[in-house]
Each structure stands twice: as structure tokens, then as C-alpha cells.
Amino acid sequence: MQTGRFIDVNQAACRHLGYDKAEFASISIADIGEPPCAYPVTHSCHPPTGSKPMFFETSHVRKDGSRAVVEVSSQVMVHKGKKTLLSIARDVTRRKKAEQELARYHENLEQMVAERTRELEAAQDELVKREKLAVLGQLTATVSHELRNPLGVIRSSNFYLQKRMKTEDEKARKHFQRIEDQITLCEAIVADLLEYTRGRQASIVKQEISPWLEQVVEQVEEQEGIPIDLELAGALPPVPHDPEKMRRVLINLLVNAVQAVKSRSEAADNEASTYEPRIGVKSLMRDGQLAIEVSDNGIGMDEETQRRAFEPLFTTRARGTGIGLANVKKIIEEHGGLITMESRPGQGTKFSLLLPYTSGH
């Protein structure tokens, strides 16, 4: 107990630590134990007292320098009139390694389960979306046919009444125009639904974009009564695109921008604060691609709305269909392009459309 030197060891200890019996006689417990206190025999530890054994776990350092994890049971006993320590050590290195591997496997298993759960949830969401779109496709085919005929009748009747009455009443003209505007809105909704569910493939032609960009901006300005800043890069080369589909893209984005600035304008009126709505359209060449940017200083979007903005049937409007931005993304991808979005609540939104200079078809 005073020196920590070995009095006797069995053959298993020799095999375990790599020393023979003669070598054990010249070393002490400190030579095989992990510092600072491998066994309770030094002044820094409290040795077992009486007949009660002590159980603990430690490491043995073998003669070749390798280490083994051991469980030790030590008890004080009297040998040849002197207090000695009898210790029985069990090598549990393999068990500890297996426990560590099991713990790692358990951790990996939790990760695998979590990943698989996410995959299943994503698959479930995709299945729900596809089911919705399948129903939407069937509904669109019926509704588009049933709506277009009465819309045509309403439009022709509205035109006939205007010609027949030839009224100078400003209020009557306003109502006639309101009828026409609502017909146009209904037709746009039907067209959006048809485009998303069974729209024709893009017919790519290589031509300039500036002429129709100017036309669309002017058209939206007239309809909505909101000025739009147009900044077109000079000498843009002809870019492969489908003009009709891209016109639909720009109209969708501009109508969204108009709604955003109108909502912020209404909020500013309620708060009696000053607000000047701004909408801008800009074209430029960037890294060999055509970039079209549509920006506004409207109400902006929160993170959840941004995350789901291009999701079919998702909308924050009371009268929206949730198809507009989904169509925009679909058309841009048909062109081999990319659409990105930046938005901040209360500050505005910017959409960037990137179209490759070569069609990729």
C-alpha cells in the first residue's frame, strides 16, 4: 500500500500488459496506470478502507505503449503481516468500443430516421400537390369552356348597349368600362389556369425584347393608372424567347407590383403617412444572359410568403388564384432560364429574370 509495487500477478496480467513476472517485480502501479490517479494507492487518492471493495474504471498502459480500458475491483487485505491491495482487472476495451460504435450507430440512425421522415413528408407534399393539380386540370378544362361562352356574350352585349345608347353620361360610361375590365380579368384568370395545366410548349424565336417590353409597360400604366419607370439597356442583342409567353410573365409581375404598392398606399393613408409608389422595369445583359428586373416599393413579403410564392394555388390575396407566379416560374424554366426574388416586409420586392443568350433547344 505504501509503494504501489507489485507483489504478485497471474498469467492473464502478463498477457494483458505484455510484461513477464520478473519485469512486474521491477515496476509499480504508476507504470501501468493513467495519470494522475489510476489506482487508489497514492497520496492524492483515498484508498479503500476496511473490507469494503472499490469498483472503478480506468486505463492500463501496456509495455508496447498501447492502452486498454479496464474495470477494476480493489480491496485492502493483509499479506504477510502488511496491508496490501488486491485488484482484479477486467479488460473491457472491446465492449467499450462496441458501445461507442453502437452510440454512433444510434446517432446516425436518428439522423437517418430524421432524413427519411423529411423525405417522406416532402413526397407526401408532392403527392398532395399533384393531386391538386390533377383536379385543377380537370376543373379548368370544364370551367374554361363554360365561362368563355357567357363572357363572350357579356362582352358583345356590353358593346351593343354602348353603341345603342350613345350616352354622354360619364357615370354610365364608367359602368360600361367596369364591365369590360371585369370580363378581361375573368379571361386572364382562365388563361392563367389553362397555361399552367396544359399550356403549349414555348415557341422560341430569336428577336429583340425591347419593343414588347415597352408595349406591356405602357399597357399596364394605362390600365392601372400608376407610372412605371422603364430602363432599357441600349443595343440589346436579339435573345431567344417566346414573346407571347414572356409578355404574360411581365404582365403577371407588374400586376403583382401594382397590387403591392396599392396595399402599401392604403396602409399609409390609414396611418396618415407620406408614401410615393414606385414600380420599375429594367433590362440589361449580365454574364452573357438577358436580365429583366421588375421592382416595387410595396408591402413586401414575409419569409413564409417568399418560401411559398411560386407554389401553385398559394395566394395571399382575397381574390387571387395562386397561379400567376407559378406560371411565371414555369415559363422561365421552359426558356432554360432562372427567376430569383428579393423581398422585405414594408420595403418592397424585386424579381430578376435571367434568360440564356442561346436558347438551349
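Everything below is about the structure shown above.
Because the structure is a prediction, the values reported are computed rather than measured.

Thoughts on the layout of surface pockets
Phase 1: Its boundaries defined by the atoms lining it, the largest pocket holds a volume of some 1800 Å³.
Phase 2: Where the lining of the largest pocket is concerned, the elements lending two or more residues are helix 5 (170–198), helix 6 (210–224), helix 7 (243–270), strand 8 (289–296), helix 9 (324–334) and strand 10 (348–356).
Phase 3: The leading source of residues in the lining of the largest pocket is helix 7, at 13 residues.
Phase 4: Looking at the lining of the largest pocket residue by residue, the class counts come to 20 nonpolar, 18 polar and 11 charged.
Phase 5: When its volume is computed, the second largest pocket comes out at roughly 1000 Å³.
Phase 6: Along the wall of the second largest pocket there are 34 residues; nearest its centre are F6, D8, V9, L85 and S87.
Phase 7: Where the lining of the second largest pocket is concerned, the elements lending two or more residues are helix 1 (11–17), helix 3 (29–32), strand 2 (67–79) and strand 3 (82–91).
Phase 8: With 10 residues, the single largest contributor to the lining of the second largest pocket is strand 3.
Phase 9: For the lining of the second largest pocket, the per-class residue count stands at 18 nonpolar, nine polar and seven charged.

What about the sheet that holds strand 5 (residues 229–232)?
Phase 1: The strand order across the open sheet built from five strands is 5-7-8-10-9, with neighbouring strands paired in mixed fashion. Bordering the open sheet on either side are strand 5 and strand 9 (338–344), each of which pairs with just one other strand. With strand direction ignored, the average angle separating the axes of adjacent strands in the sheet is 15 degrees.
Phase 2: Pairing of strand 5 with strand 7 (residues 279–286) involves four bridges; the strand directions are parallel. Residue pairing in the sheet places E231 in a bridge with K282 of strand 7.
Phase 3: Sheet strands touched by helix 6: strand 5, strand 7 and strand 8. Its angle to strand 5, the strand with the most contacts, is close to 175 degrees.

A word on the pattern of salt bridges
Side chains bearing opposite charge may pair, as long as their charged atoms lie close to each other.
Phase 1: With the rule as written, the count across this model stands at 18 salt bridges.
Phase 2: Across the salt bridge formed by E23 and K63, the nearest N and O atoms sit 2.6 Å from each other. Here the residue E23 occupies a position in helix 2 (residues 21–24), and K63 occupies one in the loop between strand 1 (54–61) and strand 2, the gap between them amounting to 40 residues.
Phase 3: On the basis of relative accessible area, E23 is assigned to the partly exposed category, the value being 25%.
Phase 4: Residue R95 is joined to E99 by a salt bridge in which the shortest nitrogen-to-oxygen separation is 3.4 Å.

Remarks on the sheet that holds strand 1
Phase 1: Reading across the sheet, the three strands line up as 1-2-3 and stay open at both edges, with antiparallel pairing between neighbours. In this open sheet, the two edge strands, each paired with only one partner strand, are strand 1 and strand 3. Across the sheet, the mean angle separating the axes of adjacent strands is 40 degrees when strand polarity is ignored.
Phase 2: Sheet analysis places strand 2 next to strand 3, joined by 10 bridges and oriented antiparallel. Each bridged residue has a counterpart across the sheet, and for S73 the counterpart in strand 3 is I88.

Parameters and conventions
- Residues numbered from 1 in each chain as written.
- Predicted model: local features only at pLDDT ≥ 70, side-chain atom pairs only at ≥ 80, totals over all residues.
- Heavy atoms only, no water.
- 1 Å grid on protein atoms, 1.4 Å probe; cavity = no way out; pocket = protein on both sides within 12 Å on 5 of 7 lines; lining within 4 Å.
- Points joined across faces, edges and corners; volume = space filled by probe spheres on them.
- Helix = DSSP H or I, 4+ residues; strand = E, 2+ residues; numbered from the N terminus.
- Nonpolar A, V, L, I, M, F, W, Y, C, P; charged D, E, K, R; others polar.
- Pairing = 2+ DSSP bridges.
- Axes fitted to C-alpha atoms, helices over the stretch in contact; angles between N-to-C directions.
- Contact = heavy atoms within 4.5 Å.
- Salt bridge = Lys/Arg side-chain N within 4 Å of Asp/Glu carboxyl O.
- Buried < 20%, exposed > 50% of the residue type's maximum accessible area, 1.4 Å probe, protein only.

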